[in-house]
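Fold and geometry: a report
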Amino acid sequence: MDLVATVVLAFWAMLPAYVPNNAAVLVGGGPPIDGGRTWKGRRLLGDGKSWRGTIGGTLAGMALAFGLSAIADPMSVAVGVTLPTFPLVVAFTLSFGAMLGDIVASFLKRRTGRERGAAFPGLDQLDFVVASLVLTALAAPAWFGEVFTLPVLAVVLVLTPLLHLGTNGIAYVLHLKEEPW
Ligand code: CTP
Ligand code: MG
């Protein structure tokens, strides 16, 4: 498979993991997951991780996965690359995994003394991909092995930080997000 086809496939397969964080920015707010609890004087997660954002983000990613599954065949023909559909369990693990990775990252940020919104280069850009991929590999190993071959995984690891910085930069410019990361 050539590079363009690999990038197209990587982007398609990761879309249900890319959208939840952006959707959470739009629908987030309300009661925080940690209920305001602290540990050693610092918030467990912080106000930036809300129930509404987490659930809304997960549902948005899953809805997108179902939408993509519905158009996978015609899209495959249109772009000349065989694009996979997303079984229910995969729709969930890709989407919820992204939210979970982001939550774990917030936990680590608070433990290292970073306030809400502080940057943690590297972690910010890759936390959600890693959790998404690990959950999916555990829950649907056969699907994972077919779709995420080594070249696809390599593209995902390079493409994701770039997309993440790009979309967050746009959200920042549009005043949807307080920081550009
Ligand atoms: N958000 C949410 N629930 C989540 C993730 C995000 O409600 N599980 C919303 C919050 O309004 C959050 C915004 O999306 O402020 C941006 O997300 P993010 O950058 O991940 O959070 P931060 O506010 O930067 O907090 P942290 O430092 O903990 O990452
Ligand atoms: Mg942030």
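The coordinates are above.
Summary of the structure given here. (Residues numbered from 1 in each chain as written. Chains lettered and ligands numbered in written order. Predicted model: local features only at pLDDT ≥ 70, side-chain atom pairs only at ≥ 80, totals over all residues. Heavy atoms only, no water.)

This next bit is on the overall build of the protein. When helices and strands are tallied, the protein shows six helices and two strands. Secondary structure elements of the protein occur, N-terminal to C-terminal, as α-β-β-α-α-α-α-α. For the protein, whose C-alpha radius of gyration is 17 Å, the value lies close to the compact-globule estimate of 16 Å for 181 residues. Once the C-alpha set of the protein is aligned to its principal axes, its extents read approximately 55 × 30 × 30 Å. (Helix = DSSP H or I, 4+ residues; strand = E, 2+ residues; numbered from the N terminus. Rg over C-alpha atoms; globule rule 2.2 N^0.38 Å.)

Here we come to the side chain of aspartate 127. By secondary structure assignment, the location of aspartate 127 is in helix α4 (residues 123-139). Look at aspartate 127: it is buried, it has no salt bridge, and the nearest opposite charge is lysine 109 at 6.0 Å. In contact with aspartate 127, other than residues within four places in its own chain, are Gly101, Asp102 and Ala105. (Buried < 20%, exposed > 50% of the residue type's maximum accessible area, 1.4 Å probe, protein only. Lys, Arg positive; Asp, Glu negative; His and termini not counted. Salt bridge = Lys/Arg side-chain N within 4 Å of Asp/Glu carboxyl O. Contact = heavy atoms within 4.5 Å.)

Attention shifts here to the packing of aromatic side chains. Enumeration over the complete set of coordinates arrives at eight aromatic pairs. Aromatic side chains tryptophan 143 and phenylalanine 148 sit 6.1 Å apart centroid to centroid with 65° between the ring planes, which places their arrangement in the edge-to-face category. A relative accessible area of 13% places tryptophan 143 in the buried class. The class of phenylalanine 148 is buried, set by a relative accessible area of 4%. Just above the ring of phenylalanine 107 sits the side chain of arginine 111; from NZ or CZ to the centre is 4.9 Å. Above the plane of the ring of phenylalanine 120 lies arginine 114, whose end atom (NZ or CZ) is 3.8 Å from the centre. (Phe/Tyr/Trp six-rings, centres within 6.5 Å; stacked < 30°, edge-to-face > 60°. Lys NZ or Arg CZ within 6 Å of the ring centre and 35° of its normal.)

A word on the site of ligand 1. Lining the immediate surroundings of ligand 1 are 17 residues, of which Lys49, Ser50, Ser106, Arg116 and Gly117 lie closest. At 3.1 Å from a nitrogen atom of ligand 1 is found a main-chain nitrogen or oxygen belonging to glycine 48. One nitrogen or oxygen atom from the side chain of lysine 177 is found 3.0 Å from an oxygen atom belonging to ligand 1. Surface burial for ligand 1 is 89%, taken as the share of its 570 Å² of free accessible area covered by protein chains. Going through the elements one at a time, α1 (3-27), α2 (51-79) and α3 (88-111) are the ones with two or more residues in the shell around ligand 1. In terms of residues, the shell around ligand 1 owes the most to one element, α3, which gives four residues. Grouping the amino acids of the shell around ligand 1 by side-chain chemistry returns three nonpolar, eight polar and six charged. (Near = heavy atom within 4 Å. Polar contact = N/O pair within 3.5 Å; in protein donor to acceptor, adjacent residues only side chain to side chain. Areas by Shrake-Rupley, 256 points an atom, 1.4 Å probe, with all protein chains shown as cover. Nonpolar A, V, L, I, M, F, W, Y, C, P; charged D, E, K, R; others polar.)

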